[in-house]
Each structure stands twice: as structure tokens, then as C-alpha cells.
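Fold and geometry: a report
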Amino acid sequence: QFQHIHIDEALIKNDVQLNYNIHRGGVNSFSIQMPDQFRITDVSGANISRWDIKEVIEGIAIPFLNVELFSPAKEQYTLNIKMERFVQEAQIKVPLAPIVTQNVFRQSGLIGITSSPRRSVHIENITNLARVDTGQLPGNLQSQNGVTAYHFITSDYSGTIAIETTSPRISVNQN
């Protein structure tokens, strides 16, 4: 799994790429637990017949993205999901909730976070995330503003993205 979370002035974009390795047979569908604070804007991949969002209620509503394929995927499959959330507040804390595919043996991934120069971003209350060198990110992200990268090897990671509006920096030379 690779997530690119970009925090802009009024919008948080979360682009996710799920790369599945399929052993022993094929897969007709995927059920993925999604963060509830984002709106899914696009789902793409080969052979998709339909996708929809269902909320499973276990005390709280948990959104699940269900993707059905025309024919079973074998060996490898890539699924791309685009999500967004509008931000109106000058300061906000957004949970970094895991994106979990149901009924898989192992999940690991990389999260790259970038931001607009007008936003100050840091991650708080990190659990099961390891900060890694930004050189592990795709080349187009490595030189972006405020880039950080985290790696996870289990699907029970968490954290909080603390976002603030940056204050203008004013300097003066007085003689």
C-alpha cells in the first residue's frame, strides 16, 4: 500500500495505491475499510465492474469500499483510490486511520505526507508507524514542500495529523 496525503490550504487529498499479490487462485472482489472523514472521489483499476460504499455499523458507522471485478484477478492487481476532505478551520487535527483490505494475509506500506507552504503539518500520537527517509518515496514527491514519510508493517497503525495555518514571517533590517 502507498498513500500520498497532501494538505493544501482548504483541501486534504489522500491518494492510495493498493498493490495486491494474489496466491492460489483468483479474487472476484475486494472489501476495504476506509477512513470515515474522507469522501471517495475515484476508484480505478483494471476489470472493475462496479464499486460502492457500504457502512457497517458496530456501535459506530465504518465505511467499507466494495470493489467487484468482471473476472477474477490472478497473481497481481493494482487498485487506485482517490479521496478528499475539505478543511475550513485554521487549526484542525485529523485522525490518520488505517486503510485495511479484509481477508488478506499480510499488509504493509508507505505513507508520504506533503503540504502547502501555507500549512504547518506534523504527526502526533504515532502508533506502529516508523519514520523513514523520504528517498523511499516516488521521485516526484521527494522534493515537495514539507515532505515526510512513514512505513507500517501492520494494519493497526494510527496517528493524528495536526494541521495549522502558518503565520507570516516578517523580518526587518533597521538602521
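For the structure itself, consult the block above.
Residues numbered from 1 in each chain as written. Predicted model: local features only at pLDDT ≥ 70, side-chain atom pairs only at ≥ 80, totals over all residues. Heavy atoms only, no water.

Thoughts on the overall build of the chain
- From N to C terminus, the chain includes 1 helix and 12 strands.
- Along its sequence from the N terminus, the chain presents helices and strands in the succession β-β-β-β-β-β-β-β-β-β-α-β-β.
- Seen along its three principal axes, the alpha-carbon backbone of the chain occupies a region of about 75 × 35 × 30 Å.
- Looking at the chain residue by residue over its 175 residues, the buried ones come to 41%.
- When contacts within the chain are restricted to residue pairs at least 6 apart in sequence, long-range pairs at least 24 apart make up 75% of them.
- Summing over all exposed atoms, the chain offers an accessible surface of approximately 10,500 Å²; the carbon and sulfur share of this is 46%.
- Here the chain holds 14 positive side-chain charges and 16 negative ones, and the gap between their average locations is 3 Å. (Helix = DSSP H or I, 4+ residues; strand = E, 2+ residues; numbered from the N terminus. Buried < 20%, exposed > 50% of the residue type's maximum accessible area, 1.4 Å probe, protein only. Contact = heavy atoms within 4.5 Å. Areas by Shrake-Rupley, 256 points an atom, 1.4 Å probe, with all protein chains shown as cover. Lys, Arg positive; Asp, Glu negative; His and termini not counted. Charge placed at Lys NZ, Arg CZ, Asp CG, Glu CD.)

Re the sheet that holds strand 6 (residues 91-95)
- In spatial order, the strands read 6-12-9; together these 3 strands make up an open sheet with antiparallel pairing. Whereas interior strands pair on both sides, the edge strands pair on one side only; in this sheet they are strand 6 and strand 9 (119-127). In this sheet, neighbouring strand axes are inclined to one another by 20° on average, regardless of whether the strands run parallel or antiparallel.
- Summarising the sheet, strand 9 and strand 12 (residues 158-165) pair through 7 bridges and their orientation is antiparallel. Bridge pairing in strand 12 links Ser 120 to Glu 164. (Pairing = 2+ DSSP bridges. Axes fitted to C-alpha atoms, helices over the stretch in contact; angles between N-to-C directions.)

Focus: the layout of surface pockets
- In this structure, the largest pocket spans a volume of roughly 660 Å³.
- Among the elements that take part in the lining of the largest pocket, strand 2 (residues 11-33) stands out by supplying 13 residues, more than any other.
- Among the residues forming the lining of the largest pocket, the class breakdown is 7 nonpolar, 13 polar and 2 charged. (1 Å grid on protein atoms, 1.4 Å probe; cavity = no way out; pocket = protein on both sides within 12 Å on 5 of 7 lines; lining within 4 Å. Points joined across faces, edges and corners; volume = space filled by probe spheres on them. Nonpolar A, V, L, I, M, F, W, Y, C, P; charged D, E, K, R; others polar.)

A few points about the nonpolar core
- Of all hydrophobic cores here, the largest spans 36 residues; its most connected members are Ile 32, Tyr 77, Leu 79 and Ile 81.
- Those elements that provide at least two residues to this core are strand 1 (2-7), strand 2, strand 3 (39-45), strand 5 (61-86), strand 6, strand 8 (109-115), strand 11 (148-152) and strand 12.
- Per-element accounting of this core gives the leading share, 8 residues, to strand 5.
- Contact partners of Ile 81, with chain neighbours within four places excluded, come to Asn 14, Asp 15, Val 16, Leu 18, Ile 32, Met 34, Ile 40, Asp 42 and Leu 65.
- Core analysis: the second largest hydrophobic core is formed by 7 residues, Phe 2, Val 132, Val 147 and Ala 149 among them. (Core = buried A, V, L, I, M, F, W, Y, C linked by side-chain atoms within 4.5 Å.)

Quick look at the pairing of strand 8
- Here strand 8 lies mainly inside the structure; 7 of its 7 residues are buried.
- Every second residue of strand 8 is oriented toward a common face, with Gly 109, Ile 111, Ile 113 and Ser 115 on one face and Leu 110, Gly 112 and Thr 114 on the other, all of them buried.
- Of the pairings in the sheet, the one linking strand 1 to strand 8 comprises 6 bridges and is parallel in character. Each bridged residue has a counterpart across the sheet, and for His 6 the counterpart in strand 8 is Thr 114.
- The sheet contact formed by strand 8 and strand 11 spans 5 bridges and is antiparallel. Looking at strand 11, one finds that Gly 112 is bridged to Ala 149.

Describing the pattern of salt bridges
- One pass over the full model with this rule turns up 6 salt bridges.
- The residue Asp 52 makes a salt bridge to Arg 50 at a minimum N-O spacing of 3.3 Å.
- You can call Asp 52 buried: its relative accessible area is 17%.
- The structure contains a network of salt bridges with shared partners spanning Arg 50, Asp 52 and Glu 68. (Salt bridge = Lys/Arg side-chain N within 4 Å of Asp/Glu carboxyl O.)

Read these as layout, nothing more, since geometry by itself doesn't imply function.
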